Amino acid sequence: MHKVQDMQHVTRPLLGPPIGDASTAFAASQQFWCGVASAPHIFCCTAKIISYSQPAWRRSGFRVGYQRGAARQIATRIAWRHSGKHAVLTDVACHGRETRFPMKVVIENTVCLNTGDAAILLAIRLILRSIVGGDVQFLVFDSQPDVAARLYPKKDYPDLEFHKLLSESLFRDQHGGGIKGRLKSIYNRGVLRALRRFARNGANSVFFSRSDRHGLEAYASADLVVTTGGTYLVENYDLEKRLNQFRIDAILGKDPIFFTQSLGPFNKSYNRQELGPIFDRAPLILLRDERSRNHILDLVKDPGKCHVVADAVFALADTDRIKRHLGSAPAPTGRVAISVRHWSFVSDGEDGMRRYLNSIREIATILVRDHAKEVTFISTCQGVPEYAHDDARTARAIVAELDPEIAEHVNVDAAFHTPDQLMALVKDCDFVVATRMHMMIMSLCVGTPVLPIAYEFKTKEVAKRIGVADLLLDIDTVTPSEAAEKFGRFIASLDHYRRASLEAVLEEHASAMSATRPLSSLIGNRLPNVSGDIGKSGEQRLARLRNSKHEGQGEPVV
């Protein structure tokens, strides 16, 4: 396309209109190649060795292909954007040999130390790979990437590359006031200016560490940015960290796809003011329930891009196993799993948590005493010392107050488990009592029925769809007597609830996979993002950082 003449990037086109420096070269190549975008191949010129680290070329989105002698092949991603899954690059001088370039997908806002969040990541990975094939690299921006990389190593997950979430690495927490708060605010404004300079010309900055720089370059090279699914955009939590990440996305020109979310309602004026432009720029918003969709309808100018689909983790369902269980109920194994959690927002505070723990204790007692079951406490948030949440601690508190003859038949599995390991552990249970929603979904994905306990509205919505809403226990109101009564109905009609749930899981799986339709259209047709192209007024609005007045703090719960 463009032959590099010298280190000043003076260029002479082999095809297309005449151009000057590399920045205008990219713009010109966009205009030229848009005219031939339907072609399945791009002819690449042989160029002299150039430094891929040169900001103008990196920023333009040029990718390095294979080498032949002292030359490298250069091509833009324009054709991939227009022609579908892959850019198949052919060098005229290389007798038609083809090189396939992987698609790069950023997935941000993950907390993979939580197995439920990791299950969402693996489900997004499955859904996107079903669209573009297996040749995809996932750049995962996580709160604790070093630990996540240890839990999900390259040998088992070669397509996952973990990075530090940029909003946590670059910005300073502004909670509190006084001089420290003002200094942090000044620092954060400096970070935003440095980000805008990076977006314009790749300029380095004292604000960027080596790992930050690596992360920013990963964003710049990404073909798609996805903000992970879950429940982190709710006002129980301070949203500033998420808003900062979306500000970074906007400055880099990478408006994210929102994967299946439960979000809102947004009652605070600051959150509404900041989230409105973010939702407007997002090319696609996937929501787990109609309630979440209603929470943002007055914040989105184009509601047509908001789609209600099942939680992404239902994409992991073992549909063959579920169909077998629908044809013939499995023989009882005598094993039951229970998932619990601590919940800081329960009604009545400590009294409410004590009521919840006593209710679980009642269920465990009935399981052992009346039904001769072996009970294992296991959950999605445990076994990782670096993570703030450990459900095994709550489980041990329950078991500690069981009668000794009951406790003999109750075990606390406190180890960490990946989603695949967790599903393997519960697939042979007779059923699961689940407080964590993704413990519920992963159990259903392997054909194991569930009695759910809701701590947020997201679980209530799933319970409705899988046919167990009449048995749902609410952490805010549950009592030991109610737990015993509803559990009794559940176990007495287990075959009925199994069939209703598993039939619904097949529908939920199809719904989760239906996200491929809008995603396919988007991936096949969207143009490359141009760094920093958000407009002066939009940038000023997004750049606004001030002392947060949010109430309540906490990590995302998925």
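Everything in this summary refers to the structure shown in the same document. Since the structure is predicted, the reported quantities are computational estimates derived from the model, not experimental observations. (Residues numbered from 1 in each chain as written. Predicted model: local features only at pLDDT ≥ 70, side-chain atom pairs only at ≥ 80, totals over all residues. Heavy atoms only, no water.)

Quick word on the overall build of the protein
Consideration 1: Counting its regular elements, the protein contains 22 helices and 21 strands.
Consideration 2: Counting only contacts in the protein whose residues sit at least 6 apart along the sequence, the fraction spanning at least 24 positions is 70%. (Helix = DSSP H or I, 4+ residues; strand = E, 2+ residues; numbered from the N terminus. Contact = heavy atoms within 4.5 Å.)

Concerning the side chain of H163
Consideration 1: Mapped onto the elements, H163 comes out in strand 11 (residues 160–164).
Consideration 2: With relative accessibility at 5%, the residue H163 sits in the buried group. (Buried < 20%, exposed > 50% of the residue type's maximum accessible area, 1.4 Å probe, protein only.)

Quick word on helix 17 (residues 437–445)
Consideration 1: Burial runs high along helix 17: nine of the nine residues are buried.
Consideration 2: Looking at helix 17, one finds that the buried residues are M437, H438, M439, M440, I441, M442, S443, L444 and C445.
Consideration 3: Of the residues one or two after helix 17, G447 is the one with positive phi, at around 85 degrees.

Quick notes on a positive patch on the surface
Consideration 1: A contiguous patch of positive charge on the surface is contributed by R189, R193, R197 and R200.
Consideration 2: Position of R189 among the secondary structure elements: in helix 7 (residues 178–201). (Patch = residues over 30% accessible without salt bridge, like charges linked within 9 Å, V, L, I, M, F, W, Y side chains within 5 Å. Areas by Shrake-Rupley, 256 points an atom, 1.4 Å probe, with all protein chains shown as cover. Salt bridge = Lys/Arg side-chain N within 4 Å of Asp/Glu carboxyl O. Lys, Arg positive; Asp, Glu negative; His and termini not counted. Charge placed at Lys NZ, Arg CZ, Asp CG, Glu CD.)

Overview of the packing of aromatic side chains
Consideration 1: Summed over all chains, the structure comprises 14 aromatic pairs.
Consideration 2: The interplanar angle of 70 degrees and the centroid separation of 5.3 Å between the aromatic rings of Y152 and Y157 together place this pair among those described as edge-to-face. Each member of the pair, Y152 as well as Y157, carries the same accessibility label: buried.
Consideration 3: Centre to centre, the rings of F431 and F487 are 5.9 Å apart; their planes meet at 55 degrees, and the pair counts as tilted. Placement of the pair is F431 in strand 19 (residues 431–434) and F487 in helix 19 (residues 480–492), with a sequence separation of 56 residues.
Consideration 4: F431 gets classed as buried once you look at its relative accessible area, which sits at 1%.
Consideration 5: Judged by relative accessible area, F487 falls into the buried class, the value being 1%.
Consideration 6: A cation sits over an aromatic face here: R291 above F457, 4.3 Å from the ring centre.
Consideration 7: Its end group placed over the ring of Y455, R341 keeps NZ or CZ at 4.7 Å from the ring centre. (Phe/Tyr/Trp six-rings, centres within 6.5 Å; stacked < 30°, edge-to-face > 60°. Lys NZ or Arg CZ within 6 Å of the ring centre and 35° of its normal.)

Re unusual backbone geometry
Most of the time, phi is negative for any residue but glycine, and the peptide bond is trans.
Consideration 1: Cis geometry is found at the peptide bond from G264 to P265, where omega equals -5 degrees.
Consideration 2: Along the chain, the position of P265 falls in the loop between strand 13 (257–261) and helix 10 (269–281).
Consideration 3: Although it is not a glycine, A372 adopts a positive phi angle of roughly 55 degrees.
Consideration 4: Locating A372 in the fold gives a position in the loop between helix 13 (349–371) and strand 17 (374–377).

Here's the deal with the nonpolar core
Consideration 1: In this structure, L128 and F377 are the most contacted members of the largest nonpolar core, which totals 118 residues.
Consideration 2: In this structure L128 touches V105, G133, F138, L224, V226, L519 and I523, once residues within four positions along its chain are discounted.
Consideration 3: By size, the runner-up hydrophobic cluster in this structure holds 22 residues, among which are V106, L170, L192 and I248. (Core = buried A, V, L, I, M, F, W, Y, C linked by side-chain atoms within 4.5 Å.)

Things to note about the pattern of salt bridges
Consideration 1: In this structure the tally under the stated criterion is 29 salt bridges.
Consideration 2: As a salt-bridge pair, R288 and D311 come within 2.6 Å of each other at their nearest N and O atoms. Residue R288 is located in the loop between strand 14 (285–287) and helix 11 (290–296), and its partner D311 is located in the loop between strand 15 (306–308) and helix 12 (319–327); the two are separated by 23 residues in the primary sequence.
Consideration 3: With a relative accessible area of 1%, D311 lands in the buried category.
Consideration 4: A salt bridge links D430 to K373, with the nearest nitrogen and oxygen atoms 2.6 Å apart.

A closer look at the pairing of strand 10 (residues 136–142)
In summary, the side chains of a regular strand alternate between the two faces of the sheet.
Consideration 1: In terms of burial, strand 10 is a largely internal element, seven of the seven residues being buried.
Consideration 2: The pairing of strand 9 (residues 103–110) with strand 10 spans seven bridges and is parallel. Bridge pairing in strand 10 places V105 opposite F138.
Consideration 3: Following the chain from strand 9 across helix 4 (residues 115–132) to the adjacent parallel strand 10, one finds a crossover that is right-handed.
Consideration 4: Judged from the five bridges that link them, strand 10 and strand 11 form a sheet pairing that is parallel. What sits directly across from F141, in strand 11, is H163.
Consideration 5: The β-α-β motif built from strand 10, the intervening helix 5 (residues 145–151) and the parallel element strand 11 has right-handed crossover chirality. (Pairing = 2+ DSSP bridges. Right-handed = clockwise from strand over helix to strand, strands pointing away.)

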